[in-house]
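# Structural overview for review
Chain by chain, the residues:
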Amino acid sequence: MELNTELIDVLKTINKEKVICLLAPSFVVDFKYPKIILELRRIGFNKIVELTYSAKLINKEIHKQILENKKKQYICGNCPSVVKYIENKYPELKKNIMDIASPMVIMARFMKEKYPSHIIVFVGPCFSKKQEAKENKEVDYALTFKEINDMFLYAKKNGFYKKQENENKHFDKFYNDYTKIYPLSGAVAETMNTREILKPEEMIIADGIKEIDKAIMKFKENKKVRFLDMLFCTGGCVGGPGIISTETIEQREDRVIHYRDKSKNEKLGKNFGKFKYAENLSLKRK
Ligand code: SF4
């Protein structure tokens, strides 16, 4: 297994420095849980957290902003490709993108505050996060699932893969259960109880470029639409280009839902992420 020099450098950094992995919850499409946690620790990550906690913080903030200004139309800014697409193709709607950073950036900001000397590496299904990482100083590297899998193979052959005594196969702290479906289309609306604050006709959910264009047209034509929840890839992040799986979108969705359902029965205890941990954290987009 060959790795390009950039990835070899990242692997060496993970192996030598104190590094935190931010793992996107769509990992279950490509990897087994909890084996993935062991593999990440064995190539050198010190801490491994999911983005489920930042998703929970984002939900609360979206909920608050929608209630604060009942006249405004909002576009969820979780997906960096959607944000760039709107900035380039529909600049008149830039003002509608919520002033809330993405789950990756908020989780990185939160971890950087707690562990300022650690390097932050995002691992997920997305290429756009690479650009987003360059634009946000909180994230040092953004890797895809394909790249981390290649790294595992390279690390095993080249002495970077070390089993440890008393291995910890659990995520480190700041963990949440119900937001594990965030990589699915419509998950923001589903997990933040939108039904409490919006009527069905006030919200549009879309994924994939064709559906996004249609949704934006409806949003522009109908001022009663208050919230647009869109993900650029077909099916949402489970359809992201950095995913290895060749399963259908439905099969991938099933894996995410199964993982969420199983996690609901896990006793999270001290690993559970409470709102109060992030009371003073800025959630703002740059
Ligand atoms: S929908 Fe696609 S582009 Fe958007 S965040 Fe998910 S993987 Fe990235």
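In this report, we go over the structure that sits alongside the text. The structure displayed is predicted, hence computed values, not measured ones.

Here is what the cut-offs are and how they apply
- Residues numbered from 1 in each chain as written.
- Predicted model: local features only at pLDDT ≥ 70, side-chain atom pairs only at ≥ 80, totals over all residues.
- Heavy atoms only, no water.
- Helix = DSSP H or I, 4+ residues; strand = E, 2+ residues; numbered from the N terminus.
- Buried < 20%, exposed > 50% of the residue type's maximum accessible area, 1.4 Å probe, protein only.
- Core = buried A, V, L, I, M, F, W, Y, C linked by side-chain atoms within 4.5 Å.
- Contact = heavy atoms within 4.5 Å.
- Near = heavy atom within 4 Å.
- 1 Å grid on protein atoms, 1.4 Å probe; cavity = no way out; pocket = protein on both sides within 12 Å on 5 of 7 lines; lining within 4 Å.
- Sits in = over half its atoms within 2 Å of the grid points.
- Phe/Tyr/Trp six-rings, centres within 6.5 Å; stacked < 30°, edge-to-face > 60°.
- Pairing = 2+ DSSP bridges.
- Axes fitted to C-alpha atoms, helices over the stretch in contact; angles between N-to-C directions.
- Salt bridge = Lys/Arg side-chain N within 4 Å of Asp/Glu carboxyl O.
- Right-handed = clockwise from strand over helix to strand, strands pointing away.
- Parallel < 35°, antiparallel > 145°, perpendicular 65-115°, else oblique.
- Nonpolar A, V, L, I, M, F, W, Y, C, P; charged D, E, K, R; others polar.

## A short note on unusual backbone geometry
Between Tyr33 and Pro34 the backbone carries a cis peptide bond, its omega angle lying at 10 degrees. In this structure, Asn166 is a non-glycine residue whose phi angle is positive, near 50 degrees. Secondary-structure assignment places Asn166 in the loop between helix H7 (145-157) and helix H8 (187-191). Of the residues examined, Asn166 reaches a relative accessible area of 75% and is grouped as exposed. The backbone of Asn193 sits at a positive phi, close to 55 degrees, despite the residue not being glycine.

## Topic: the nonpolar core
One broad trend across soluble globular proteins is that nonpolar side chains are buried collectively. Core analysis: the biggest nonpolar cluster contains 80 residues, and Leu22, Ile43, Phe45, Ile62, Ile148, Met151 and Phe227 have the highest contact counts within it. Among the elements that make up this core, the one with the highest residue count is helix H5 (residues 103-114) (seven residues). Beyond its immediate stretch of four places on either side in the chain, Met151 contacts Leu3, Leu7, Val10, Leu11, Ile14, Ile43 and Leu143. Ile97, Ile204, Phe219 and Met230 belong to the second-largest nonpolar core, a separate cluster that totals 19 residues.

## Some thoughts on the site of the ligand
Close to the ligand lie Cys79, Pro80, Ser81, Cys126, Leu231, Phe232, Cys233, Gly236, Cys237 and Gly240, which account for all nearby residues. Taken atom by atom, the bulk of the ligand overlaps the largest cavity.

## Here's the deal with the packing of aromatic side chains
The final tally for this structure, using the stated rule, is eleven aromatic pairs. Measuring from ring centre to ring centre gives 5.8 Å for Tyr33 and Phe171, while their planes differ by 15 degrees; the resulting arrangement is stacked. One end of the pair, Tyr33, is in the loop between strand E1 (19-23) and helix H2 (35-42); the other, Phe171, is in the loop between H7 and H8, with 138 residues separating them in the sequence. Owing to a relative accessible area of 3%, Phe171 belongs among the buried residues under this scheme.

## Regarding the sheet that holds strand E3 (residues 74-75)
The strand order across the open sheet built from three strands is E3-E7-E6, with neighbouring strands paired in parallel fashion. Here the strands that pair on one side only, and so sit at the sheet edges, are E3 and strand E6 (203-207). Of the pairings in the sheet, the one linking E3 to strand E7 (residues 227-231) comprises two bridges and is parallel in character. Residue pairing across strands places Ile75 opposite Leu228, the latter belonging to E7. Sitting on the sheet, helix H9 (residues 209-221) touches E3, E6 and E7, and the angle it makes with E6 is about 160 degrees.

## Topic: the pattern of salt bridges
One pass over the full model with this rule turns up 18 salt bridges. For Lys180, the salt bridge goes to Glu50, with nearest N and O atoms at 2.6 Å. Linking Lys180 in the loop between H7 and H8 with Glu50 in strand E2 (residues 47-50), this pair joins segments that are 130 residues apart in sequence. There is no split in this pair, since Lys180 and Glu50 are both buried. Residue Lys214 is joined to Glu211 by a salt bridge in which the shortest nitrogen-to-oxygen separation is 3.2 Å.

## Things to note about the pairing of E1
Across the five residues of E1, five count as buried, placing the element largely inside the fold. Of the two faces of E1, the one lined by Val19, Cys21 and Leu23 and the one lined by Ile20 and Leu22 are each fully buried. In the sheet, E1 pairs with strand E4 (residues 119-124) via five bridges, with the strands oriented parallel. Of the residues in E4, the one forming a bridge with Leu22 is Phe122. Bridge count for E1 against E2 is four bridges, and the pairing is parallel. Note that in E2 the partner of Leu23 across the bridge is Glu50. For the crossover that starts at E1, traverses H2 and ends in the parallel E2, the hand is right-handed.

## A few points about the packing of helix H4 (residues 80-89) against helix H6 (residues 128-135)
Helix-helix packing: each pair is described by the crossing angle between the helix axes and the interaxial distance. Packing of H4 against H6 brings their axes to within 9 Å, and their N-to-C directions diverge by 80 degrees. Accordingly, the angle class assigned to the pair H4 and H6 is roughly perpendicular. Counting all contacts with H4, which are made through Pro80, Ser81 and Lys84, the residues of H6 involved are Ser128, Lys129, Glu132 and Glu135. Its residues assigned to classes, the contact of H4 with H6 comprises one nonpolar, two polar and four charged.

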